[in-house]
Amino acid sequence: AQSVTQPDIHITVSEGASLELRCNYSYGATPYLFWYVQSPGQGLQLLLKYFSGDTLVQGIKGFEAEFKRSQSSFNLRKPSVHWSDAAEYFCAVGAISGDKLTFGTGTRLAVRP
Amino acid sequence: EADIYQTPRYLVIGTGKKITLECSQTMGHDKMYWYQQDPGMELHLIHYSYGVNSTEKGDLSSESTVSRIRTEHFPLTLESARPSHTSQYLCASSPSGVLDTQYFGPGTRLTVL
């Protein structure tokens, strides 16, 4: 069965600082990986996804993520955080056979002025 | 911006009441999903549908039921609400392709007293 671990429940960074959110997955074959963001009171919005090809994936709002098969990781990064990035971030893994997503528990990001 | 709507956004109701959470999408997507999300927890898939007259149970057992009579509409019903049903319910839809992006509605926060 597939699973996702997001080790950091809460992260606080200063505005303008760099950000890295960790995501580790467990899946037997090539995973399909996603990062979603959820602002307070809102649904989830897709930031980026990885299916195959270049392991560095660019997304919306200046985010990127790197797939590292050897580490079973798909960490999300942003070089300079803005106050509007404060939200909850979810990593998810999908299997082509099941066509369903398994989500991590999320990381809540706070941004200091 | 995805066009997927959920009503009501917030619902407080007494034990034993029957409730229906509405979800509609205007994108013509075949696939639709219901997730349950508790604070600090991952999203759990409770129902999904691949098209009209198709409904399947998800990974998390739920006492709710769903129907898919029209492509754009995927309501979730609880025949007799209980406090254990208190949670946030998120609806999503996606196109027909394998593991296409899921677009989420804003969610319904249900409280059962």
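Scroll up a little and you will see the structure.
We now turn to the structure provided with this report.

**Examining the side chain of Q88 of chain B**
Among the structural elements, Q88 of chain B can be located in strand 9 (residues 87–94). Relative accessible area serves as the criterion here: at 9%, Q88 of chain B is assigned to the buried category. With residues near it in sequence (within four places) discarded, Q88 of chain B still touches Q38 of chain A together with Y35, Q36, Q37, T108 and R109 of chain B.

**A few points about the environment of I19 of chain B**
Residues and elements named next belong to chain B. Inspection of the secondary structure assignment puts I19 in strand 3 (residues 19–25). A sequence separation of 57 residues divides I19 from L76, and the C-alpha atoms of the two residues are 8.3 Å apart. Apart from residues lying up to four places away in sequence, I19 is in contact with L11, I13, L76, T77, L78 and L110.

**Quick word on the pattern of salt bridges**
Evaluation of the coordinates by the stated rule reveals eight salt bridges over all chains. Between R77 of chain A and E64 of chain A there is a salt bridge; the shortest N-O distance is 3.2 Å. Taken as a pair, R77 of chain A in strand 9 (residues 73–78) and E64 of chain A in strand 8 (residues 64–68) lie far apart in primary sequence, 13 residues in all. A salt bridge links E79 of chain B to K18 of chain B; the nearest nitrogen and oxygen atoms lie 3.9 Å apart.

**Here's the deal with the interface of chain B and chain A**
By a widely used convention, the size of an interface equals the accessible area lost when the partners come together. If you look at the interface, chain B gives 23 residues, while chain A gives 22 residues. Where chain B abuts chain A, roughly 1,800 Å² becomes buried across the two surfaces, and 53% of that area is made up of carbon and sulfur atoms. At the junction of chain B and chain A, the tally comes to zero salt bridges. By residue number, the principal contributor to the side of chain B that touches chain A is strand 4 (residues 31–37) of chain B, which donates four residues. Residues that form the side of chain B that touches chain A fall into these classes: twelve nonpolar, seven polar and four charged.

**Let's talk about the state of the cysteines**
All names here are of chain A. Enumeration according to the criterion identifies two disulfides over all chains in this entry. Two residues, C23 and C91, share a disulfide whose sulfurs are 2.0 Å apart. Judged by the torsion about the S-S bond (-65 degrees), the C23/C91 disulfide is left-handed. One end of the pair, C23, is in the loop between strand 3 (19–21) and strand 4 (24–26); the other, C91, is in strand 10 (residues 87–94), and 68 residues separate them in sequence.

**Some remarks on the sheet that holds strand 8 (residues 76–78) of chain B**
All names here are of chain B. Sheet architecture is open: four strands sit in the order 1-3-8-7, paired in antiparallel fashion. Each having just a single partner strand, strand 1 (4–7) and strand 7 (65–66) make up the two edges of the open sheet. Two strands pair when backbone bridges link them, and strand 7 and strand 8 are joined in this way by two bridges, in the antiparallel orientation. Its bridge partner being in strand 8, T65 is matched across the sheet by T77.

**Quick notes on unusual backbone geometry**
With an omega of -10 degrees, the peptide bond running from T7 of chain B to P8 of chain B counts as cis. Secondary-structure assignment places P8 of chain B in the loop between strand 1 and strand 2 (10–13). Phi is positive for K61 of chain A, close to 60 degrees, though the residue is something other than glycine. Its place among the elements puts K61 of chain A in the loop between strand 7 (56–58) and strand 8. K61 of chain A sits in the partly exposed class, given a relative accessible area of 46%. Of note in the backbone geometry, N53 of chain B takes a positive phi value of approximately 65 degrees without being a glycine. As for its placement among the helices and strands, N53 of chain B is situated in the loop between strand 5 (43–49) and strand 6 (56–57).

**What about the pairing of strand 5 (residues 32–38) of chain A?**
If a strand is regular, its side chains alternate between the two faces of the sheet. Residues and elements named next belong to chain A. Counting buried positions along strand 5 gives seven out of seven residues, so the element sits mostly inside the fold. A two-sided burial pattern is seen for strand 5, the buried positions comprising Y32, F34, Y36 and Q38 on one face and L33, W35 and V37 on the other. Here seven bridges tie strand 5 to strand 10, and the two strands are oriented antiparallel to one another. Considered in strand 10, the bridge of F34 is made with A92. For strand 5 and strand 6 (residues 44–50), the ladder comprises six bridges, and the chain directions are antiparallel. Each residue of the ladder has a partner; that of W35, found in strand 6, is L48.

Analysis parameters
- Residues numbered from 1 in each chain as written.
- Chains lettered and ligands numbered in written order.
- Predicted model: local features only at pLDDT ≥ 70, side-chain atom pairs only at ≥ 80, totals over all residues.
- Heavy atoms only, no water.
- Helix = DSSP H or I, 4+ residues; strand = E, 2+ residues; numbered from the N terminus.
- Buried < 20%, exposed > 50% of the residue type's maximum accessible area, 1.4 Å probe, protein only.
- Contact = heavy atoms within 4.5 Å.
- Salt bridge = Lys/Arg side-chain N within 4 Å of Asp/Glu carboxyl O.
- Buried area = accessible area lost by both parts, 1.4 Å probe.
- Nonpolar A, V, L, I, M, F, W, Y, C, P; charged D, E, K, R; others polar.
- Disulfide = S-S within 2.5 Å.
- Pairing = 2+ DSSP bridges.

Purely spatial values, then, with no claim about function.
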